[in-house]
Amino acid sequence: MKYGLPLLLLLAGCADWFKSPVAPPPPPPPGPPPPPAPAALHTVGTFTNPTFATSPPGDTTRLFVTERAGRIVLLKNDVAQAGAFLDLRGKISDTVENGLYSMAFHPQYATNGRFYVFFTNLNGDIRIVRYTVSTTNPDSANASSADTVLAVPHPLAGTSLPFGNHHGGQLQFGPDGMLYVSLGDGGCCGDPLHNGQRHHTMNAKIHRINVDGATGYTVPPDNPFVNDTSFPPSTWAWGFRNPWRFSFDRQTGDLYIGDVGEATWEEVDVAPAPTLGKGMNYGWSIMEGTHCYNASTCNQTGLTLPTIEYGHVNGNCDLQGGYVYRGTRVTQLIGYYLYVDYCSGTVGGFKYAGGAATAKQDFTIFLSPGAGVVSFGQDGRGELYLMTYAGTLYRIDPGS
């Protein structure tokens, strides 16, 4: 029994330990707060099938929104003004893929009041028309000042194919002061007219024209095909399927082209300054993205392949090209080119450096309102917008 008492005391102590409430450990110190979202969408307003948004150079208070049926709505400090800046309803077609696609203000808009619109007329033909602002009201256009700058039949003259799509649709003034115009391959599917690689047609090309004259346009003498009679002299670059949206980087002048793919691949082409893709053939319909189209092999000699591409997976189907962010409100996005897929709502971005896409990012969780985004827009401060065909216009603002 020599160990009896100590053992009893030990067991008693153990029993007491089991019966005693256990003091919880101190809570861990709080971790750092989650980083703020780099960006978020702010609803600016609701419109009727908006297609584009832009501002005159240097105008930091006004934004102009085009609607497919033909209205241009003016916003001042995010507030839509009564009436319309210009109303072309009843003068244009908005069936199939027709409509008012975009507008662009002349670099000297503050002094000459000129702006340009891209639409399809009642016959479905493409028209680029110049208007001027009212001499008595800076918030209204002079509807009687129309001057047709460019007219392209659609469907093509000499054919009876009823294609109501692939018009292209973008107007942008470049850093050189010239007006750049994108035209698609003319419609349908698979380029049945072979316009992608046809020289003579106006289709499937980006054109560069000088609109500083009293009327119409002239061809800049440094265009790449002015001495090649097999091309329209206005041709700047060619081999596109449907370059619905393109833009220039406000800082570098680089040209970014979003070309909508056929059935498998979407692409973005970057043409760096100062050449900006001058005379380059971007491959359609030999290529779709970096892949031979409808063939296992193809001759890629002389073709310029895309900077990025993505496939029709995870709901993707239709690329809407955007802009390089050069605003000041969302510092995390500075230098990123943004694009979105119409069907999936995926918003992607990359930085262009050393001739390649770098720092690729998926911004969907912050910047996507879902499917149905038809276009980006940019205001006078370099801030970016995106809009859905259902009608909502969003601005990209700082996250919280």
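Described in the following lines is the structure provided in the data block. Predicted, not measured: the structure shown is a model, and the values here were computed from it.

Conventions used here
Note that residues are indexed from 1 along each chain, following the sequence as it is written. The predicted origin of the model limits local features to residues at a pLDDT of at least 70 and limits the giving and counting of side-chain atom pairs to 80 or more, whereas totals for whole chains, interfaces and linings rest on all residues. Neither water nor hydrogens contribute to the side-chain values; these are computed over all heavy atoms in the structure. Counted as salt bridges are all cases of a side-chain nitrogen of Lys or Arg within 4 Å of a carboxyl oxygen of Asp or Glu. Numbered from the N terminus, helices here are DSSP runs of H or I no shorter than four residues, and strands are runs of E no shorter than two. Partly exposed residues are those whose accessible area sits between 20% and 50% of the maximum for their type, while under 20% is buried and over 50% is exposed, using a 1.4 Å probe and protein chains only. Cysteine sulfur atoms that come within 2.5 Å of each other are treated as a disulfide pair. Two strands are said to pair when DSSP picks up at least two bridges between them. Orientation is described by lines fitted to C-alpha atoms, with helices fitted over the stretch in contact, and by angles between N-to-C directions that extend from 0 to 180 degrees.

1. Observations concerning the pattern of salt bridges
A full pass over the atoms with the stated rule returns twelve salt bridges. For Asp139, the salt bridge goes to Lys76, with nearest N and O atoms at 2.4 Å. Placement of Asp139 in the loop between strand 9 (126-133) and strand 10 (141-152) and of Lys76 in strand 4 (residues 71-76) is noted, with a sequence separation of 63 residues between them. Between Asp87 and Arg89 there is a salt bridge, and its shortest N-O distance comes to 2.6 Å. For Arg89, a relative accessible area of 47% puts it in the partly exposed group.

2. With respect to the state of the cysteines
This model, assessed by the stated rule, comprises two disulfides. Paired by a disulfide, Cys292 and Cys298 hold their sulfur atoms 2.0 Å apart. Taking the torsion about the sulfur-sulfur bond, which here is approximately -80°, the covalent link between Cys292 and Cys298 counts as left-handed. Residue class for Cys298 comes out partly exposed when judged on its relative accessible area of 26%.

3. With respect to the sheet that holds strand 12 (residues 179-183)
If you trace the four strands from one edge of the open sheet to the other, you get 11-12-13-14, paired in antiparallel fashion. Every interior strand has two partners, whereas the edge strands, strand 11 (171-173) and strand 14 (235-238), have only one. Taking the axes of each pair of neighbouring strands and ignoring which way they run, one obtains an average angle of 20° across the sheet. Where strand 13 (residues 205-209) meets strand 14, three bridges bridge the pair, whose relative direction is antiparallel. Along strand 14, the bridge assignment pairs His207 with Thr235.

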